[in-house]
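A look at the structure
In case you want the letters, here they are:
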Amino acid sequence: MSSERRHRGRAVPARAGLDVRRMLALPLLGLLVAGCGIRSTEVPTDFGPAPSRVQCSLSEPDTATRASQGLAVQVFLLCGSSLVAVDRVLRVPDGTADSARRVLVAQGLLDQLAETPSAAEREAGYQTYVRGGMTVSGPRAKDPEDTLRLSTPPTELSASALAQVVCTFSDSAAAEGDGSVILGGPTTTPLRRYDCTDEVRSQPGSRQPASSEVTDG
């Protein structure tokens, strides 16, 4: 075999052609080596769309229609890990005395809390821990006038259910409107004043809502 190759009419040594190819390959090899040094955590990887998140949002209700149906109220349901207010409507007879009205509103709110959220609410992530069948009554002879007594002692409710009840009652006409509510059970167990705090709304299942014993009637 000849030791020379012809290139455009000139003789080029075969070894020289080999050296040229090696020189051209070096930059490519450098790029490959540098590419191998990139950490995997720095390379964006597409694993498909992220899982859908709970929106905790619903379409705005028709205010005029709601007002014609009855008393517009709000109840607190769980969505994600916090309490979120949702709109409801209660029917309270006109002319009801304040003391009776408070109990009627409280019972209506309790019933609404126990209702299974609507399909739209469930799709948005809403749920309730309040069970049906619970009733509420007004104060006894020596109770403060804004006392609400539950047929199930508050201490026997789960932290989430009690948080729902406390925040719903304290934010309604069933309480005095100061962000708290006095609750008791069907027995003579001391009454307690429960507060709907920011912590209760943001972490309703972490612990029982803050409360203090009511000592005066």
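Rules used throughout
Residues numbered from 1 in each chain as written. Predicted model: local features only at pLDDT ≥ 70, side-chain atom pairs only at ≥ 80, totals over all residues. Heavy atoms only, no water. Helix = DSSP H or I, 4+ residues; strand = E, 2+ residues; numbered from the N terminus. Buried < 20%, exposed > 50% of the residue type's maximum accessible area, 1.4 Å probe, protein only. Contact = heavy atoms within 4.5 Å. Areas by Shrake-Rupley, 256 points an atom, 1.4 Å probe, with all protein chains shown as cover. 1 Å grid on protein atoms, 1.4 Å probe; cavity = no way out; pocket = protein on both sides within 12 Å on 5 of 7 lines; lining within 4 Å. Points joined across faces, edges and corners; volume = space filled by probe spheres on them. Nonpolar A, V, L, I, M, F, W, Y, C, P; charged D, E, K, R; others polar. Pairing = 2+ DSSP bridges. Axes fitted to C-alpha atoms, helices over the stretch in contact; angles between N-to-C directions. Polar contact = N/O pair within 3.5 Å; in protein donor to acceptor, adjacent residues only side chain to side chain. Salt bridge = Lys/Arg side-chain N within 4 Å of Asp/Glu carboxyl O.

In this section: the overall build of the protein chain. Each helix and strand in the protein chain was counted, giving six helices and ten strands. The proportion of buried residues among the 217 residues of the protein chain is 32%. For the protein chain, the share of sequence-separated contacts (at least 6 apart) that also reach a separation of at least 24 residues comes to 55%. Put simply, the protein chain shows about 14,100 Å² of open surface, and 52% of that area lies on carbon and sulfur atoms.

In this structure, the second largest pocket spans a volume of roughly 180 Å³. Grouping the constituent residues of the lining of the second largest pocket by class yields six nonpolar, two polar and two charged.

What follows covers the sheet that holds strand β8 (residues 180-184). Strands sit in the order β6-β7-β8-β9-β10 across an open sheet of five strands; the sheet is mixed. At either margin of the open sheet sits one strand with a lone partner, and together these are β6 (136-137) and β10 (211-213). Two elements, β8 and strand β9 (residues 192-195), share four bridges in a ladder whose sense is antiparallel. Its bridge partner being in β9, Ile182 is matched across the sheet by Arg193. Contacting β7 (147-150), β8 and β9, helix α5 (residues 159-170) runs over the sheet at an angle of about 125 degrees to β8.

Before going further, it helps to spend a moment on the side chain of Arg149. One can find Arg149 in strand β7. Residue class for Arg149 comes out buried when judged on its relative accessible area of 6%. Separated by 3.1 Å, the side chain of Arg149 and the backbone oxygen of Thr187 make a polar contact. Other than its neighbours up to four places away in sequence, Arg149 contacts Thr135, Val136, Ser137, Gly138, Arg140, Asp143, Gly184, Gly185, Thr187 and Leu191.

It is worth spelling out the pattern of salt bridges at this point. The full count for this structure, using the stated rule, is six salt bridges. A salt bridge links Glu176 to Arg102, with the shortest nitrogen-to-oxygen separation between them at 3.1 Å. Residue Glu176 is found in the loop between α5 and β8, and its partner Arg102 is found in helix α3 (residues 98-114); the two are separated by 74 residues along the sequence. Judged by relative accessible area, Glu176 falls into the partly exposed class, the value being 45%. For Arg102, a relative accessible area of 15% translates into the label buried.

No statement about biological role is implied by the geometric values presented.
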